[in-house]
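A look at the structure
The residues making up each chain are set out below.
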Amino acid sequence: MKMALYEMAMQVVPVLLIALFIDTRGTDRPAGGAMRRWTEVQDRAYAALGVVAFMASMLVVADIVAAGRVPAAIVIATLSGCMAMLYVRILQRFARDRSQQHDQVSGDR
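For the structure given in this document, a descriptive report is provided here. Since this is a predicted model, take the numbers as computed values, not measurements. (Residues numbered from 1 in each chain as written. Predicted model: local features only at pLDDT ≥ 70, side-chain atom pairs only at ≥ 80, totals over all residues. Heavy atoms only, no water.)

**Observations concerning the side chain of T78**
What counts, and what does not: Helix and strand assignments come from DSSP, with helices taken as H or I runs of at least 4 residues and strands as E runs of at least 2, each series counted from the N terminus. Pairing of N or O atoms within 3.5 Å defines a polar contact, subject to two protein rules: one partner must be a possible hydrogen donor and the other a possible acceptor, and residues neighboring in sequence count only if both atoms are side-chain atoms.
On the secondary structure map, T78 appears in helix α3 (residues 69-108). Engagement of the side chain of T78 in a polar contact is seen with the backbone oxygen of I74, the distance being 2.8 Å.

Here it is as structure tokens:
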């Protein structure tokens, strides 16, 4: 049962990183310099958290590191951070889409 967390992390983290890659390639980057830098920092932190969770899980599944509280805490914390950053990205997308719709409607008048 303890391995389920680590096996799940090894399956979910690559999907999260692929989602990040597709999201950053499929959208327009923010025009402002400060906002662009913040997005790049956010993307790098998101990727780093994913790699940490994946590597910790891989070490436990490979039986190099014993499954215990510390590896579980690392995986849970990093995946929680990834999910929080993904949630922020979703909120940013909704805000950007809403402002674009508002600009289109005001431009039609």
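**Examining the nonpolar core**
Applied cut-off: We call a set of buried residues a nonpolar core when its members are Ala, Val, Leu, Ile, Met, Phe, Trp, Tyr or Cys and they connect through side-chain atoms within 4.5 Å of each other. Between buried and exposed lies partly exposed: a residue is buried under 20% and exposed over 50% of the maximum accessible area for its type, with that area taken using a 1.4 Å probe on protein chains only.
Grouped together as the largest cluster of nonpolar side chains are 14 residues, with contacts concentrated most on Y6, L16, Y46, V75 and L79. Those elements that place two or more of their residues in this core are α1 (3-26), α2 (33-61) and α3.

**Considerations on the environment of L49**
We count it as follows: In what follows, residue pairs with any heavy atoms lying within 4.5 Å of each other are defined as contacts.
By the element assignment, L49 lies in helix α2. The class for L49 is partly exposed, based on a relative accessible area of 26%. In this structure, the C-alpha to C-alpha distance between L49 and V13, residues 36 residues apart in sequence, is 9.2 Å. Setting aside residues no more than four positions away along its own chain, L49 makes contact with T78, G81, C82 and M85.

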